[in-house]
Amino acid sequence: MSPLKIETHIKVQSTEIDAASLLAEETGLSKQVIKQAMQKGAVWHSHGRQTNRLRRAKKALKVGDELHLYYNQAVLDETVTEAELLFDQEQYSIWYKPFGMRCQGSKWSDHTTINRYIETHLNPARNAYLIHRLDLAATGLIVLGHNKKVTAAIAKLFETRALDKFYQVIVEGKFPDGKVTIDTDVDNKSALSHAERLEYNSELNQSKVQVKIESGRKHQIRIHMASLGHPVVGDRQHGNGSEQTPNLQLTSCHLSFVCPVTGEDKVFELPQSYRPEFQAR
């Protein structure tokens, strides 16, 4: 039996009924199930030109508003490993993003995204604004802003390349000695990466490589490593990874920049225990 999937759009005809009750009447789902779907980001509210996720069942509605339910039981049942707070700078924070945690939600939910996780787990509670992204399968350091001014300031650092970020990957084969620059286009856009082998495991025929990227194209590191004949271990899209191989061995390990709040030089290093390691397939 396939998981239940419902998409419905309702125009509010009366202010006498709350959102959860209205959706329950329309779909046959219980109010408790509707409320759970709300908390996971599956319900949206349109008022005028604005459409936003609706999480409060008792939110006041106006005649003419619209409710949108995107209920997919398979999506709502998804779970992810918890993110871990590494550095709390009050107006922004640095987290460890685990494998499988998203950086962007969909109309169906946002409960497995890192920003939603942070908003529901950070103490004291704060908004969490995404500044940059890591692939779904990648792990490591990610910075989130907690107010719009600081978020914009740090985003500007990323846009102008006024910060340093390094990644570590485990790749197949013996990566070349010395520093290697890769400028293969990614999706027909210019892309530049610098890579250096840190260690080679002859038994597994794998190399640990540090990578610094000058541009931020989607899957850039994975594509660049594969272009050299050294795909990232566990890469199911650009390499030889499969359901039977380890997870993608690509981790964001270092971030350094001038703090927009204090003006101090900040260096954030991922603890060794979270860094990629050689793994037998």
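Residues numbered from 1 in each chain as written. Predicted model: local features only at pLDDT ≥ 70, side-chain atom pairs only at ≥ 80, totals over all residues. Heavy atoms only, no water.

The name given to the protein chain in an unreviewed UniProt entry is Pseudouridine synthase, with Shewanella halifaxensis as the source organism.

Participant: Account for the overall build of the protein chain, naming residues and giving values.
Facilitator: When its secondary structure is counted, the protein chain shows 6 helices and 14 strands. Reported as C-alpha extents along the three principal axes, the dimensions of the protein chain are approximately 70 × 50 × 35 Å. The proportion of buried residues among the 281 residues of the protein chain is 47%. For the protein chain, the share of sequence-separated contacts (at least 6 apart) that also reach a separation of at least 24 residues comes to 59%. Total accessible area on the protein chain stands at roughly 14,600 Å², and carbon and sulfur atoms take up 44% of it. Once the 36 positive and 33 negative side-chain charges of the protein chain are each reduced to a mean point, those two points are 5 Å apart. (Helix = DSSP H or I, 4+ residues; strand = E, 2+ residues; numbered from the N terminus. Buried < 20%, exposed > 50% of the residue type's maximum accessible area, 1.4 Å probe, protein only. Contact = heavy atoms within 4.5 Å. Areas by Shrake-Rupley, 256 points an atom, 1.4 Å probe, with all protein chains shown as cover. Lys, Arg positive; Asp, Glu negative; His and termini not counted. Charge placed at Lys NZ, Arg CZ, Asp CG, Glu CD.)

Participant: A description of the nonpolar core should follow, citing residues and the corresponding values.
Facilitator: Here is a general trend for soluble globular proteins: nonpolar side chains tend to be buried in one another's company. Within the largest apolar cluster, 29 residues are counted, with the highest numbers of intra-cluster contacts made by W95, I114, V169, V211, I221, M225 and L250. Breaking this core down by element, the ones donating at least two residues are α4 (114-121), β8 (139-145), β9 (164-172), β10 (179-182), β12 (206-213) and α6 (220-227). What V169 contacts, discounting residues up to four positions off in sequence, is S207, K208, V209, V211, I221, M225, V232, Q249, L250 and P276. By size, the runner-up hydrophobic cluster in this structure holds 21 residues, among which are A19, L22, I34 and L69. (Core = buried A, V, L, I, M, F, W, Y, C linked by side-chain atoms within 4.5 Å.)

Participant: Can you tell me about the sheet that holds strand β1 (residues 5-11), naming the residues and giving the values?
Facilitator: Spatially, β1-β4-β2-β3 is the arrangement adopted by the 4 strands of the open sheet, whose pairing is antiparallel. At either end of the open sheet lies a strand with only one pairing partner, and these are β1 and β3 (50-53). The mean angle between the axes of side-by-side strands here comes to 15°, regardless of whether they run parallel or antiparallel. In this structure, strand β2 (residues 43-47) lies alongside β3, joined through 4 bridges in antiparallel fashion. Across the sheet, residue H45 finds its bridge partner in β3, namely N52. Strand contacts of helix α1 (residues 19-27): β1, β2 and β4 (66-72), with the helix running at about 120° to β1, the strand carrying the most contacts. (Pairing = 2+ DSSP bridges. Axes fitted to C-alpha atoms, helices over the stretch in contact; angles between N-to-C directions.)

Participant: Outline the domain arrangement of the protein chain, supporting the account with residue identities and numerical values.
Facilitator: For the protein chain, the domain assignment lists domain 1 (5-77) and domain 2 (84-274). Placing a centre on the C-alpha atoms of domain 1 and another on those of domain 2 gives a separation of 35 Å. In this complex, domain 1 contributes 15 residues to the contact, which on the side of domain 2 involves 8 residues. Counting each side, the surface lost to burial between domain 1 and domain 2 is near 970 Å², with a carbon and sulfur contribution of 52%. At the junction of domain 1 with domain 2, the criterion picks out 3 salt bridges. A salt bridge links K107 to E7, with the shortest nitrogen-to-oxygen separation between them at 3.9 Å. Inspection of the region where domain 1 meets domain 2 yields 7 residue pairs in polar contact (both at pLDDT 80 or more). Contributions of two or more residues to the side of domain 1 that touches domain 2 are made by β1, β4 and α3 (73-76). For the side of domain 1 that touches domain 2, a count of residues per class yields 7 nonpolar, 3 polar and 5 charged. (Domains from an automatic or database assignment. Buried area = accessible area lost by both parts, 1.4 Å probe. Salt bridge = Lys/Arg side-chain N within 4 Å of Asp/Glu carboxyl O. Polar contact = N/O pair within 3.5 Å; in protein donor to acceptor, adjacent residues only side chain to side chain. Nonpolar A, V, L, I, M, F, W, Y, C, P; charged D, E, K, R; others polar.)

Participant: An account of the environment of P246 is requested, with residue identities and associated values reported.
Facilitator: The topology assignment puts P246 in the loop between α6 and β13 (250-258). Sequence separation between P246 and V233 is 13 residues, and the spatial gap between their C-alpha atoms is 7.3 Å. Residues contacting P246, with those up to four places away along its chain left out, are V233, G234, Q279, A280 and R281.

Participant: Describe in detail unusual backbone geometry, supporting the description with residues and values.
Facilitator: If a residue is not glycine, its phi is most likely negative; likewise, a peptide bond is most likely trans. Between N123 and the following residue, P124, the backbone shows a cis peptide bond with an omega angle of 0°. Positionally, P124 belongs in the loop between α4 and β7 (129-130). Backbone geometry places D187, a non-glycine residue, at a positive phi of 55°. The topology assignment puts D187 in the loop between β10 and β11 (193-201). Under the relative-accessibility criterion, D187 is labelled exposed at 60%. The backbone phi angle of N205 is positive, close to 55°, even though this residue is not glycine. Among the structural elements, N205 can be located in the loop between β11 and β12. Taking relative accessible area as the criterion, N205 reaches 37% and is therefore assigned partly exposed.

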